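Overview (structure and organization)
Here is what each chain is made of, one letter per residue.
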Amino acid sequence: MTLVVDGANVVGSVPDGWWRDRFAAAVRLRDALVPVAAAGLPGVVPGPVRVVLVVEGAARGVEPVDGVDVVSAPGSGDDTIVSVATGAGAPTWVVTADRALRERVRAVGAQVLGPTSVPRR
């Protein structure tokens, strides 16, 4: 099982000052996702689950940690998320609120969850 997280979309879903330091906001999200790898998302995605955080722009370069793989999008974050979801195998969930991206990942067989489904801190 794979959970692909749209880092920019999830970080941007709450106006908590993330825009002042996008890199640090992505690091906080990555760290908050560590327990998800073992426990999953109760009632939604059973654990253990492979967690992949996709980052872009100023958040590129965030390092992976045990439990959370990090992919720095070389260009479009959305294109990278679709690519990761396509290669992940089933079942795959993608966390995003982006409507166009939701349609693209559904077309490759992924299920979709909203940003509030994952911990942010």
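Now for a quick tour of the structure.

About the criteria used
Residues numbered from 1 in each chain as written. Predicted model: local features only at pLDDT ≥ 70, side-chain atom pairs only at ≥ 80, totals over all residues. Heavy atoms only, no water. 1 Å grid on protein atoms, 1.4 Å probe; cavity = no way out; pocket = protein on both sides within 12 Å on 5 of 7 lines; lining within 4 Å. Points joined across faces, edges and corners; volume = space filled by probe spheres on them. Helix = DSSP H or I, 4+ residues; strand = E, 2+ residues; numbered from the N terminus. Nonpolar A, V, L, I, M, F, W, Y, C, P; charged D, E, K, R; others polar. Buried < 20%, exposed > 50% of the residue type's maximum accessible area, 1.4 Å probe, protein only. Polar contact = N/O pair within 3.5 Å; in protein donor to acceptor, adjacent residues only side chain to side chain. Pairing = 2+ DSSP bridges. Axes fitted to C-alpha atoms, helices over the stretch in contact; angles between N-to-C directions. Contact = heavy atoms within 4.5 Å.

Brief notes about the layout of surface pockets
Gaps left between atoms show up when a probe the size of a water molecule is rolled over them. Quantified by volume, the largest pocket comes out at close to 160 Å³. If you go around the largest pocket, the residues you meet are Gly7, Ala8, Val11, Gly12, Trp18, Arg22, Ala25, Ala26, Val55, Glu56, Ala58 and Ala59. Contributing elements (two or more residues each) for the lining of the largest pocket: α1 (7-11) and α2 (22-39). Looking at the lining of the largest pocket, its residues break down into eight nonpolar, two polar and two charged.

Structural notes on the side chain of Thr92
Turning to its location among the elements, Thr92 is positioned in strand β6 (residues 92-95). For Thr92, a relative accessible area of 4% translates into the label buried. In this structure the side chain of Thr92 is engaged in a polar contact, spanning 2.4 Å, whose partner is the backbone oxygen of Gly89.

A closer look at the sheet that holds strand β1 (residues 2-6)
The strand order across the open sheet formed by five strands is β5-β4-β1-β6-β7, and the pairing between neighbours is parallel. Whereas interior strands pair on both sides, the edge strands pair on one side only; in this sheet they are β5 (68-72) and β7 (111-113). Within this sheet the neighbouring strands show an average axis-to-axis angle of 25°, counted without direction. Relative to β7, β6 runs parallel, the two sharing three bridges. The residue bridging Val95 from the neighbouring strand is Leu113, located in β7. Across the sheet, α2 lies against β1, β4 (50-55) and β5, angled at about 170° from β4, the strand it touches most. With respect to the sheet, helix α4 (residues 99-107) is in contact with β1, β6 and β7, its orientation differing from that of β7 by roughly 150°.

Looking at the side chain of Thr96
Position of Thr96 relative to the elements: it lies in the loop between β6 and α4. In terms of polar contacts, Thr96 uses its side chain to reach the side chain of Asp6, at 2.9 Å. Of note is the side chain of Thr96, whose polar atom sits 3.1 Å from the backbone nitrogen of Asp98. Residues contacting Thr96, with those up to four places away along its chain left out, are Asp6, Asn9, Leu101, Arg102, Val112, Leu113, Gly114 and Pro115.

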